[in-house]
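Structure assessment
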Amino acid sequence: MQNENIVFGCNECGGKEASAGRGRIPVSRVIEKLDAFLAVNDMEGAARHLTYWHEEAVALHDRSGELSVVNEELGHYRKMRNEEKGLAATARCMELLEELHQADTVAGATILLNAATTLKAFGKAEQALPIFDRALEIYRRELPQNDLRFAGFYNNFALALV
């Protein structure tokens, strides 16, 4: 499942706390450039790009921007089979989802799905299963039954169960 391009803000503070630092990264442009690297299969360029913008978001204290970048890192490091960075991105996503009060939103559930899929990809299916369950609970509560996101969810969930 390809990561969705999601921009976040804090539900409780309207994004004010998440961007209370020195500024915000240009998430849409970051993702556009990432897509350009991926279009020509420049995985090393994509990794450098993600690392740069992750560090920039941290330096700016832009937590919502950081979450957007780390969400992209999940899929990238999974594809690159970089377990260390993939698991670090998973842990950081989980922290940021809670910090930004996004864990119980549809966008948050999509990140939960990405995080669980990453855990499964690195042999941690047991840790992934409760995260899949949480994402499914949110999807069932918030989405219509025929929403296509369920297809991606069930595909990745089934692979974790194998």
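Before any of the text, the structure's been laid out above.
1. A few points about the nonpolar core
Counting residues in hydrophobic clusters, the biggest one holds 29 residues, and the most contacted among them are Leu-67, Cys-93, Leu-97, Leu-112, Phe-132, Tyr-139 and Phe-153. At the level of elements, helix H3 (63-79), helix H4 (83-99), helix H5 (106-121), helix H6 (125-142) and helix H7 (149-161) are the ones that each hand at least two residues to this core. For this core, the element with the highest residue contribution is H5, accounting for eight residues. One finds Ile-25, Ala-46, Trp-53 and Ala-57 within the second-largest nonpolar core, a separate group that totals 12 residues.

2. A few points about the packing of H6 against H7
Each packed pair of helices is defined by two parameters, the angle between the axes and the distance between the axes. Taken N-terminus to C-terminus, the directions of H6 and H7 make an angle of 160°; their axes are 10 Å apart at the nearest point. The angle between H6 and H7 places the two elements in the roughly antiparallel class. Seen from above, H6 lies across H7 with left-handed handedness. From H6, Ala-125, Leu-129, Phe-132, Asp-133, Ala-135, Leu-136, Tyr-139 and Arg-140 reach across to H7, where they touch Arg-149, Phe-150, Phe-153, Tyr-154, Asn-156, Phe-157, Ala-160 and Leu-161.

3. With respect to the pattern of salt bridges
Under the counting rule described, the total for this entry stands at eight salt bridges. The salt bridge partner of Arg-63 is Glu-99, with a shortest N-O separation of 3.3 Å. Of this pair, Arg-63 sits in helix H3 while Glu-99 sits in helix H4; the two residues are 36 residues apart in sequence, bridging distant segments of the chain. For Glu-99, a relative accessible area of 37% gives the class partly exposed. With a closest N to O distance of 2.7 Å, Glu-66 and Arg-92 form a salt bridge. Of this pair, Glu-66 sits in helix H3 while Arg-92 sits in helix H4, placing them 26 residues apart in sequence. Judged by its relative accessible area of 2%, Glu-66 falls in the buried class.

Conventions and cut-offs
- Throughout, residues of each chain are indexed from 1 in the direction in which the sequence is written.
- A pLDDT threshold of at least 70 governs which residues receive local features in this predicted model, and a stricter bar of 80 or more applies before side-chain atom pairs are shown or counted, although totals over entire chains, interfaces and linings include all residues.
- Excluding hydrogens and water, the side-chain figures rest on all heavy atoms present in the structure.
- The nonpolar core is taken to be a set of buried Ala, Val, Leu, Ile, Met, Phe, Trp, Tyr and Cys residues, with the residues joined through side-chain atoms within 4.5 Å.
- Residue exposure (1.4 Å probe, protein chains only): buried if accessible area is under 20% of the type maximum, exposed if over 50%, otherwise partly exposed.
- Helix and strand assignments come from DSSP, with helices taken as H or I runs of at least 4 residues and strands as E runs of at least 2, each series counted from the N terminus.
- Note on method: axes are straight lines fitted to C-alpha atoms, helices fitted across the in-contact stretch only, with angles between N-to-C directions ranging 0 to 180 degrees.
- Roughly parallel refers to an angle under 35 degrees, roughly antiparallel to one over 145, roughly perpendicular to one between 65 and 115, and oblique to any angle outside these ranges.
- Helix crossings are classified by the rotation of the near helix relative to the far one: an anticlockwise turn of less than a right angle makes the crossing left-handed, while a clockwise turn makes it right-handed.
- By definition in these notes, contact holds between two residues if any of their heavy atoms fall within 4.5 Å.
- By definition here, a salt bridge exists when the distance from a side-chain nitrogen of Lys or Arg to a carboxyl oxygen of Asp or Glu is within 4 Å.

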